[in-house]
Amino acid sequence: MLNKRKSIALLGSTGSIGTQALDVIASNPEHFSVEVLTAQNNADLLIEQAIRFKPNVVVIGNGDQYERVKNALWPHAIKVYTGDEALTSVVQMDSIDVVLTALVGYSGLKPTIKAIEAGKNIALANKETLVVAGELITKLASEKGVNIYPIDSEHSAIFQCLVGEFHNKIEKIILTASGGPFRGKKREELSQVTKAQALKHPNWSMGAKITIDSATLMNKGLEVIEAKWLFGLSADQVDVVVHPQSIIHSMIQFEDGSIKAQMGLPDMRLPIQFALTYPDRLKNNFPRFDFTQYPSLTFEKPDTETFRNLALSFEALRKGGNMPCVLNAANEIAVAEFLNDKIGFLKMSDVVEQCLAKMDYIKHPTLADYVQTDKETRIKALELIN
Ligand code: MN
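Definitions and limits used
Residues numbered from 1 in each chain as written. Predicted model: local features only at pLDDT ≥ 70, side-chain atom pairs only at ≥ 80, totals over all residues. Heavy atoms only, no water. Helix = DSSP H or I, 4+ residues; strand = E, 2+ residues; numbered from the N terminus. Expected span 1.5 Å × (residues − 1). Buried < 20%, exposed > 50% of the residue type's maximum accessible area, 1.4 Å probe, protein only. Arc of directions from axis to C-beta. Contact = heavy atoms within 4.5 Å. Axes fitted to C-alpha atoms, helices over the stretch in contact; angles between N-to-C directions. Left-handed = near helix turned anticlockwise from the far one by under 90°. Nonpolar A, V, L, I, M, F, W, Y, C, P; charged D, E, K, R; others polar. Pairing = 2+ DSSP bridges. Domains from an automatic or database assignment. Salt bridge = Lys/Arg side-chain N within 4 Å of Asp/Glu carboxyl O. Polar contact = N/O pair within 3.5 Å; in protein donor to acceptor, adjacent residues only side chain to side chain. Core = buried A, V, L, I, M, F, W, Y, C linked by side-chain atoms within 4.5 Å. Disulfide = S-S within 2.5 Å. Parallel < 35°, antiparallel > 145°, perpendicular 65-115°, else oblique.

A. Helix H15 (residues 347-358), seen in detail. A rise of 1.5 Å per residue sets the reference length of H15, with its 12 residues, at 16 Å; its end C-alpha atoms lie 16 Å apart and thus fit the reference within 8%. Buried within H15 are the following residues: Met348, Ser349, Val351, Val352, Cys355 and Leu356. All buried residues of H15 lie within an arc of 155 degrees about the axis, which places them on one face of the element. Those residues of H15 that are buried are in contact with helix H10 (208-216), helix H11 (218-231), helix H13 (308-319), helix H14 (323-339) and helix H16 (367-385).

B. Local environment of the packing of helix H1 (residues 16-27) against helix H12 (residues 269-277). Where H1 contacts H12, the two axes come as close as 9 Å, and the packing angle between them is 65 degrees. Judged by the twist between their axes, the crossing of H1 over H12 is right-handed. Facing Ile17, Gln20, Ala21, Asp23 and Val24 of H1, the residues of H12 in contact are Arg269, Ile272 and Gln273. Grouping the constituent residues of the contact of H1 with H12 by class yields 4 nonpolar, 2 polar and 2 charged.

C. Just the pairing of strand E8 (residues 170-177), in detail. With 6 of its 8 residues buried, E8 lies for the most part within the structure. In terms of strand pairing, E8 meets strand E10 (residues 248-254) through 4 bridges, oriented antiparallel. If you follow Ile170 over to E10, its bridge partner there is Phe254. Inspection of the sheet shows E8 paired to strand E9 (residues 238-242) by 5 bridges, in the parallel sense. Across the sheet, the residue bridging to Ile173 is Val238, located in E9.

D. Structural context of the domain arrangement of the protein. The assigned domain composition of the protein is domain 1 (6-150), domain 2 (155-310) and domain 3 (320-386). The gap between the C-alpha centroids of domain 2 and domain 3 is 24 Å. Domain 2 puts 20 residues into the contact, and the matching count from domain 3 is 16 residues. Seen at the junction of domain 2 and domain 3, the total is 3 salt bridges. Lys195 is paired through a salt bridge with Asp341; the nearest N and O atoms lie 3.6 Å apart. Counting the contacts that link domain 2 with domain 3 gives 4 residue pairs in polar contact (both at pLDDT 80 or more). At 6 residues, the largest contribution of residues to the side of domain 2 that touches domain 3 is made by H10.

E. Seen up close, the nonpolar core. Ranked by size, the top nonpolar core spans 121 residues in total, and within it Val69, Leu100, Ile151, Ile173, Ile272, Leu327 and Phe345 carry the most contacts. When residues in this core are grouped by element, the largest group, 9 residues, is from H14. Ignoring any residue separated from it by four or fewer positions in sequence, one finds Ile151 in contact with Ile17, Leu100, Ala123, Leu124, Ala125, Ser156, Met268, Pro271, Ile272 and Ala275.

F. Main features of the sheet that holds E8. On the basis of which strands lie adjacent, the open sheet formed by 4 strands has the order E9-E8-E10-E11 and mixed pairing. Taken across any chain shown, the strands that pair with only one partner, and hence form the sheet edges, are E9 and strand E11 (259-263). In this sheet, adjacent strand axes meet at a mean angle of 20 degrees when their direction is disregarded. Across 5 bridges, E10 lies against E11 in antiparallel orientation.

G. Seen up close, the pattern of salt bridges. A complete count under the given rule lists 23 salt bridges for this structure. Among the salt bridges present, the one from Glu223 reaches Lys127, with a minimum N-O distance of 2.8 Å. Of this pair, Glu223 sits in helix H11 while Lys127 sits in helix H6 (residues 127-144), and the two are 96 residues apart along the sequence. Assigned by exposure class, Glu223 and Lys127 land together as buried. Connected through salt bridges with shared partners, the residues Lys127, Asp152, Glu154, Lys220 and Glu223 form a single ionic network.

H. Spotlight on the state of the cysteines. As enumerated under the stated definition, the model contains 0 disulfides in all. For Cys325, which is in no disulfide, the shortest distance to another cysteine sulfur is to Cys355 and amounts to 11 Å. Of the residues examined, Cys355 reaches a relative accessible area of 0% and is grouped as buried.

I. Expanded view of unusual backbone geometry. Cis geometry marks the peptide bond from Tyr278 to Pro279; its omega dihedral reads 5 degrees. Within the fold, Pro279 resides in the loop between H12 and H13. For Lys54, which is not glycine, the phi torsion reads 50 degrees and is therefore positive. On the basis of relative accessibility, which here comes to 60%, the residue Lys54 falls in the exposed class.

J. Fine view of the packing of H1 against helix H2 (residues 43-53). At a closest axis distance of 12 Å, the pairing of H1 and H2 adopts a crossing angle of 15 degrees. Viewed along their axes, H1 and H2 adopt a mutual orientation that is roughly parallel. The element H1 and its partner H2 pack so that their crossing is left-handed. Judged by residue contacts, Thr19, Leu22, Ile25 and Ala26 of H1 engage Leu45, Gln49, Arg52 and Phe53 from H2. Tallied by class, the residues present in the contact of H1 with H2 amount to 5 nonpolar, 2 polar and 1 charged.

The following block contains the structure:
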């Protein structure tokens, strides 16, 4: 079993992954302690979590909430900070063993870089960080001897299949996709779908951004790029198959043709727990999968004509350079504007496609180039929408 109690900085503690991570931590107080909690806006929940888990430090992103959080937590001797600078400095605290990044989107990039620079292992739920700057992040991690443990269920599945086989070559990986709420629908049927319909995922309960990404298949596209960097693969080595039951979380095909799959009920607490306990497994009481309840597990090809985001993601990955960063920034704006009722469902992939065509290509971007690309793409995407 784990030989040392791990001290965790949880970035994004009030979101879907953050709250489930705290469930895992609360069930195993002998193995984990909380050193840092951070949230963007949800001050009430952050205060409640801080009083319960007694971190050393709390960061509230939204400055308007700072006084309230500080006043609520001073009797508990918990330090409270606000702002981006605070986020990037607290991840470097000596007392932290693991930084669990459950921030949404591009906002995860800088704190993750700072944490890696300080030699902290990363439990990564924020896939956009690897999409935007995978080359830079993985290079920095290897220089610093830092491990990046995936929390995304597909990547955790691949990682679990790799245990004991790290020396063996991967022929390809097969990422499974649920297909989202609109699986089987054609473009004509999707032009009028509402935000409420898009927010109803059949199998997983998640935050708004990733739920929309699942409905458009952008989530799978981002995961293809994430997998490339986590496992050192080329675009040709990543296949996507639609598996509506979400029981097989992904598979590896090795060079001898053998395929390993990782299975279980869709429950993010398992990949969160494994990212924190690797190479050990901890006993838990999560619901168990029963094969007789699922007499048929089915598989189909993704429809990339209807769900163009998946094809666009492969295109961005093949072009490389700053194109995945463009893809991500355009998508973040498109999803936000869809959630604001400014654009329809199909328009989201139009915005992404046009940004990929219009933004300047940079073959070997620096961090400053990524920051600039992100900023300029957001401006371009908003121009295209308004
Ligand atoms: Mn996933």
